[in-house]
Amino acid sequence: MIRQLEYFVALARERHFARAAQECRISQPALSESIRKLEAGLGVPLVRRGHAFQGLTPEGEAVLRWAQRLLADRDALAQEMAALQAGLTRTLRLGVVPAASSTVARLSDAFAGANPKAGVQIQGSLRSTDIIARVRSFELDAGLVYADPAELGGLLAVPLYREEHVLVTKEGMFEGAEQPTAVDEVLSLPLCLLDSSMRGRQLLDDVLASHGRTAEPRIECDSMTTLLAQVATGRWASVVPAQWLAPLGELAGLVQTPLVNPVITSQISLVITEHQPLPLMLRALLSATGDVYPSVTKDFDLV
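Description of the structure in this document.

Rules behind the numbers
Residues numbered from 1 in each chain as written. Predicted model: local features only at pLDDT ≥ 70, side-chain atom pairs only at ≥ 80, totals over all residues. Heavy atoms only, no water. Helix = DSSP H or I, 4+ residues; strand = E, 2+ residues; numbered from the N terminus. Contact = heavy atoms within 4.5 Å. Lys, Arg positive; Asp, Glu negative; His and termini not counted. Charge placed at Lys NZ, Arg CZ, Asp CG, Glu CD. Pairing = 2+ DSSP bridges. Right-handed = clockwise from strand over helix to strand, strands pointing away. Phe/Tyr/Trp six-rings, centres within 6.5 Å; stacked < 30°, edge-to-face > 60°. Buried < 20%, exposed > 50% of the residue type's maximum accessible area, 1.4 Å probe, protein only. Lys NZ or Arg CZ within 6 Å of the ring centre and 35° of its normal. Axes fitted to C-alpha atoms, helices over the stretch in contact; angles between N-to-C directions. Parallel < 35°, antiparallel > 145°, perpendicular 65-115°, else oblique. Left-handed = near helix turned anticlockwise from the far one by under 90°. Nonpolar A, V, L, I, M, F, W, Y, C, P; charged D, E, K, R; others polar. Core = buried A, V, L, I, M, F, W, Y, C linked by side-chain atoms within 4.5 Å. Expected span 1.5 Å × (residues − 1).

## Re the overall build of the chain
Summing up its helical and strand segments, the chain has 12 helices and 11 strands in all. In the chain, once contacts between residues fewer than 6 apart in sequence are set aside, the share between residues at least 24 apart is 71%. For the chain, the centre of its 28 positive side-chain charges and the centre of its 34 negative side-chain charges are spaced 8 Å apart.

Given below as structure tokens:
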């Protein structure tokens, strides 16, 4: 049945029989027959069929969650047995929101240093909702996100740090005048901000709305690096987390100014499955996280 579950999960992910068969390296008829045998064995229909794949049935959605968990547990068992012989060797898969695309370096460096045979794969331009969905489906091991409690069913959120947003401008933009610090002054500048569909921008808008203010940027994008490139032209200003800027070192020609009235902050958390026992990969990640963020070890048993 394990092989049948593998094929079923591939079909649910690809949502196309031919692509799923190609991923599984079998023929499409063989994959279809395997899915039918799984349905017969469970006694329920799993796939809505027409001329093509039309989605999963409610029973299929339930089986998918169990299948993903069973396959993840199988992989975790194999990983733990291999680690007893040779140490942790698998690749840690991390999803990271743009605002944490630089701060993740401290965490990945600590993990790689403690586990010299393990790799790290970082996807650094995903949105919080995408990361949470992929962690839940075991396509990612963990993620650095803005954790909305309403989205975290079945997951554990480990608070890491609070962002503090600053104004970033090019040196000389104000021609000798004082840098603006009050948010009202900042909102009157030509702004470049993250896209309004992104969680980091939504949190910024929420804080502004709570104080009766609205940001109206002329340029929006989905990349923190692109924001800095716009600022570097000298025409645009941006509001970004100071913590994202810090790992980049000195940024020649750019000025960071703390914001007041209001101070704008937001929480970055590490999200992992809460399914127990935790896989060895996640235990190793939490241990490395405790090295970087000592407060984590006060709240979580990492043994």
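## Some points on the pairing of strand 3 (residues 91-96)
Direction of pairing for strand 3 relative to strand 4 (residues 119-123): parallel, over a ladder of five bridges. Each bridged residue has a counterpart across the sheet, and for glycine 95 the counterpart in strand 4 is glutamine 123. Crossover handedness for the path strand 3 to helix 5 (residues 104-114) to strand 4: right-handed. For strand 3 and strand 5 (residues 142-145), the ladder comprises three bridges, and the chain directions are parallel. When the sheet's bridge partners are listed, glycine 95 is paired in strand 5 with glycine 143.

## Brief notes about the packing of aromatic side chains
Aromatic ring pairs are described here by two measures, namely the spacing of the ring centres and the angle between the planes. All told, the structure shown has two aromatic pairs when counted by the stated rule. The interplanar angle of 20° and the centroid separation of 6.0 Å between the aromatic rings of tyrosine 161 and tyrosine 293 together place this pair among those described as stacked. Of this pair, tyrosine 161 sits in strand 6 (residues 155-170) while tyrosine 293 sits in the loop between helix 11 (280-292) and helix 12 (295-299), placing them 132 residues apart in sequence. Residue tyrosine 161 is classed as buried on the basis of its relative accessible area of 12%. The aromatic ring of tryptophan 66 is capped on one face by arginine 69, whose charged end is 5.3 Å from the ring centroid. Above the plane of the ring of tyrosine 293 lies arginine 106, whose end atom (NZ or CZ) is 5.4 Å from the centre.

## Quick look at the packing of helix 5 against helix 11
Contact geometry for helix 5 and helix 11: axes closest at 9 Å, N-to-C directions at 120°. In this view, helix 5 runs oblique relative to helix 11, as classed from their interaxial angle. Considering the relative orientation of helix 5 and helix 11, their crossing is right-handed. Of helix 11, the residues touching helix 5 (which contributes Arg106, Leu107, Ala110 and Phe111) are Met281, Ala284, Leu285, Ala288, Thr289 and Val292. For the contact of helix 5 with helix 11, the class distribution of residues is eight nonpolar, one polar and one charged.

## Description of unusual backbone geometry
For the bond running from glutamine 276 to proline 277, omega is -5°, close enough to zero to count as cis. Phi is positive for arginine 25, which is not a glycine, with a value near 60°. Looking at the element boundaries, arginine 25 is found in the loop between helix 2 (17-24) and helix 3 (28-42). A residue is classified by how much of its surface remains accessible, and arginine 25, at 79% relative accessible area, is exposed.

## Some thoughts on the nonpolar core
Across soluble globular proteins, nonpolar side chains have a tendency to be buried as a group. Phe111, Leu144, Leu160, Leu270 and Leu285 are the most contacted members of the largest nonpolar core, which totals 42 residues. For this core, the secondary-structure elements that each account for two or more residues are strand 3, helix 5, helix 6 (128-136), strand 5, strand 6, strand 11 (265-273) and helix 11. Element by element, the count of residues in this core is highest for helix 11, at eight residues. In contact with phenylalanine 111, other than residues within four places in its own chain, are Leu88, Leu92, Ala118, Gly119, Val120, Met281, Ala284, Leu285 and Ala288. Core analysis: the second largest hydrophobic core is formed by 21 residues, Leu46, Val47, Leu56 and Ala67 among them.

## A word on helix 11
Note that an α-helix has 3.6 residues per turn; residues three or four places apart therefore point the same way. Helix length check: helix 11, at 13 residues, gives a terminal C-alpha distance of 19 Å against a target of 18 Å (1.5 Å per residue), a fit within 8%. For helix 11, the tally of buried residues reaches 10 of 13 residues, placing the bulk of the element in the interior. If you check which residues of helix 11 are buried, you get Leu280, Met281, Leu282, Ala284, Leu285, Leu286, Ala288, Thr289, Gly290 and Val292.

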